[in-house]
Amino acid sequence: MIDFHCHIDLYPNPKEVLVKAGAKGVYILAVTTTPKAWEGNQILMAECQRVRIALGLHPELVAERHSEVQRLIQLLPQTKYVGEVGLDGGPQHRTSFKLQELVLSRILRACSDNGGRIISLHSRGATNGVLDALESEPNAGIPVLHWFSGTQQQLDRAVNMGCWFSVGPQMLKTRKGKALVEAMPQDRLLTETDAPFSQNAGLPLMPWDVQYAVLALAELWGIEPVDVDAQLKLNLRALTNK
Ligand code: MN
């Protein structure tokens, strides 16, 4: 099982979650919302074999914490993974949108200067903005668009630009989400939870709940869940060996 976008450090009991996920053999990309959190996670997760930690600055925090982009850029040589970064075009974040664009372009430039990174990106309400930013920095690395919610046309554009995708149980519950996932290349797809923000029946999803996404993918692709697992594992290996 692979949870390629999880905010482990935002659970009330991250250590317990890590122990359980470890016992279940879940591969995790622990995304962070600030560079300081990344530094904390380095300590918290030092012993976890299947966990990688992504260095992030969440677009929803950029209004208040944009100056931390300096720290992110300083830390960048120490990690292969960046996230959560991106743009949020929602009404609550409209006033910071220009700043978000500035911060994202600085991060992508720094990724490029460092030889490229694997980047988990937020693009809610801002798909074109994120794709434009990526297009301006073609050597930033490999973008993984998390919980993609654009149009089919924007999806085609993202696919043509070489983007990867991480999809979760929630996305696979809606008709729109399913149609998008169906159009994503099967060899550029990973599962995610975006937990603990994403919930099921009032409880936060757990990393191993990616299993629900695997079952939905099996139905969508017309193959067995075990074959979905095999495909996703191949994908993870291909991505991380790039
Ligand atoms: Mn997230």
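Up top is the structure.
Calculation notes
Residues numbered from 1 in each chain as written. Predicted model: local features only at pLDDT ≥ 70, side-chain atom pairs only at ≥ 80, totals over all residues. Heavy atoms only, no water. Pairing = 2+ DSSP bridges. Helix = DSSP H or I, 4+ residues; strand = E, 2+ residues; numbered from the N terminus. Axes fitted to C-alpha atoms, helices over the stretch in contact; angles between N-to-C directions. Contact = heavy atoms within 4.5 Å. Phe/Tyr/Trp six-rings, centres within 6.5 Å; stacked < 30°, edge-to-face > 60°. Lys NZ or Arg CZ within 6 Å of the ring centre and 35° of its normal. Buried < 20%, exposed > 50% of the residue type's maximum accessible area, 1.4 Å probe, protein only. Polar contact = N/O pair within 3.5 Å; in protein donor to acceptor, adjacent residues only side chain to side chain.

Visitor: Residue-level account of the sheet that holds strand β3 (residues 51-53), with values.
Guide: Here 3 strands make up an open sheet; going across it, the order is β1-β2-β3 and the pairing parallel. Each edge of the open sheet carries a strand with a single partner, namely β1 (2-6) and β3. Across the sheet, the mean angle separating the axes of adjacent strands is 15° when strand polarity is ignored. Here strand β2 (residues 27-30) runs beside β3; their pairing, made up of 3 bridges, is parallel. Bridging across to β3, alanine 30 finds its partner in isoleucine 53. Running at roughly 55° to β1, helix α10 (residues 225-240) makes contact with β1 and β2 of the sheet.

Visitor: Account for the packing of aromatic side chains, naming residues and giving values.
Guide: Under the criterion given, the structure shown has 1 aromatic pair. Ring centres of phenylalanine 148 and phenylalanine 165 lie 5.9 Å apart, and the angle between their planes is 85°; this geometry places the pair in the edge-to-face category. Taken together, the positions of phenylalanine 148 in the loop between β6 (141-146) and α7 (152-160) and phenylalanine 165 in strand β7 (residues 164-167) put the pair 17 residues apart, joining distant regions of the chain. Note that lysine 24 overlies the ring of tryptophan 208, its terminal NZ or CZ placed 5.2 Å from the centroid. We note arginine 50 situated over the ring of tyrosine 27; from NZ or CZ to the ring centre the distance is 5.8 Å.

Visitor: Outline the sheet that holds β7, supporting the account with residue identities and numerical values.
Guide: Here 5 strands make up an open sheet; going across it, the order is β4-β5-β6-β7-β8 and the pairing parallel. Bordering the open sheet on either side are β4 (81-86) and β8 (189-191), each of which pairs with just one other strand. Here the average twist between neighbouring strands, direction ignored, is 25°. Of the strand pairs in this sheet, β7 and β8 are connected by 3 bridges, and their pairing is parallel. Its bridge partner lying in β8, phenylalanine 165 is registered against leucine 189. Of the strands in this sheet, β7 and β8 are in contact with helix α9 (residues 210-221), which crosses β8 at around 140°.

Visitor: Can you tell me about the side chain of serine 120, naming the residues and giving the values?
Guide: Tracing the backbone shows serine 120 in strand β5 (residues 117-122). A relative accessible area of 1% places serine 120 in the buried class. There is a polar contact of 2.8 Å between the side chain of serine 120 and the side chain of histidine 5. Residues within four places of serine 120 in sequence aside, it is in contact with Phe4, His5, Leu29, Val31, Val82, Gly83, Glu84, Val85, Val144 and His146.

Visitor: Got a sec to walk through unusual backbone geometry? Specific residues and values, please.
Guide: Following glycine 83, the chain continues into glutamate 84 via a peptide bond in cis, with omega recorded as 10°. On the secondary structure map, glutamate 84 appears in strand β4. Cis peptide bonds are those with omega within 30 degrees of zero, and the linkage from alanine 195 to proline 196 qualifies with 0°. A positive phi is found at tryptophan 147, a non-glycine position, where the angle reads about 45°. Overall, the relative accessible area of 32% leaves tryptophan 147 in the partly exposed class. Its identity as a non-glycine residue notwithstanding, alanine 201 has a phi of 55°, on the positive side. Within the element layout of this structure, alanine 201 appears in the loop between β9 (199-200) and β10 (203-204).

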